[in-house]
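Single-letter residue listing:
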Amino acid sequence: SVRPDQTIGVRGTLHCNGKAASGVLVKLYDHDSRLTPLDQNFNFLAFTRDDKIASGRTDGQGRFEISGTANEVSRITPKFNIYHDCNDWKVTAKFF
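Residues numbered from 1 in each chain as written. Predicted model: local features only at pLDDT ≥ 70, side-chain atom pairs only at ≥ 80, totals over all residues. Heavy atoms only, no water.

(A) Geometry of the overall build of the protein chain. Within the protein chain one finds 0 helices and 10 strands. Reading the helices (α) and strands (β) of the protein chain from amino to carboxyl end gives β-β-β-β-β-β-β-β-β-β. Counting across all 96 residues of the protein chain, residues that qualify as buried make up 27%. Residue pairs at least 24 apart in sequence account for 62% of intrachain contacts in the protein chain once pairs closer than 6 positions are excluded. Taken as a whole, the protein chain presents about 7000 Å² of accessible surface, with 50% of it coming from carbon and sulfur. (Helix = DSSP H or I, 4+ residues; strand = E, 2+ residues; numbered from the N terminus. Buried < 20%, exposed > 50% of the residue type's maximum accessible area, 1.4 Å probe, protein only. Contact = heavy atoms within 4.5 Å. Areas by Shrake-Rupley, 256 points an atom, 1.4 Å probe, with all protein chains shown as cover.)

This is how it looks when you write it as structure tokens:
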């Protein structure tokens, strides 16, 4: 393959109001915010979407570990999302 494999992972523990945050959805992406040629003549350009590399949920202790591999010509730009409301009843996504 012309594109090299690039592997990345995230491990941690989440807490909400001092308690373990269990069952929280976490996702790891390759953030793409550039224009990409759609043909060999570079005639058409389009924005690319972020590529999901991995996802998972925290365990009963709030711990998580996710990892995955992406194929990109350039270096990947990791983006880590946490989807949690922390008892305010509004589901939000935190982006890192």
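(B) Focus on the pattern of salt bridges. A complete count under the given rule lists 2 salt bridges for this structure. Put simply, Glu65 and Arg11 hold a salt bridge, and the shortest N to O gap is 3.9 Å. Note that Glu65 is positioned in strand β8 (residues 63-71) and Arg11 in strand β1 (residues 5-13), a separation of 54 residues in sequence. Judged by relative accessible area, which is 59%, Glu65 ranks as exposed. Close ionic contact of Arg63 with Asp59 constitutes a salt bridge, the shortest N to O distance being 3.1 Å. Classification of Arg63 as partly exposed rests on a relative accessible area of 46%. Residue classification places Asp59 among the partly exposed positions, given a relative accessible area of 28%. (Salt bridge = Lys/Arg side-chain N within 4 Å of Asp/Glu carboxyl O.)

(C) Fine view of the environment of Val26. One can find Val26 in strand β4 (residues 25-30). It is 5.8 Å that separates the C-alpha atoms of Val26 and Arg57, two residues lying 31 residues apart in sequence. Discounting chain neighbours no more than four positions away, the residues touching Val26 are Leu14, Ala54, Ser55, Gly56, Phe64, Ile66, Phe80, Asn81 and Ile82.

(D) Fine view of unusual backbone geometry. One non-glycine residue, Asn17, adopts positive backbone phi at about 55 degrees. Tracing the chain through its elements places Asn17 in the loop between β2 (15-16) and β3 (19-20). Residue Asn17 is classed as exposed on the basis of its relative accessible area of 59%.

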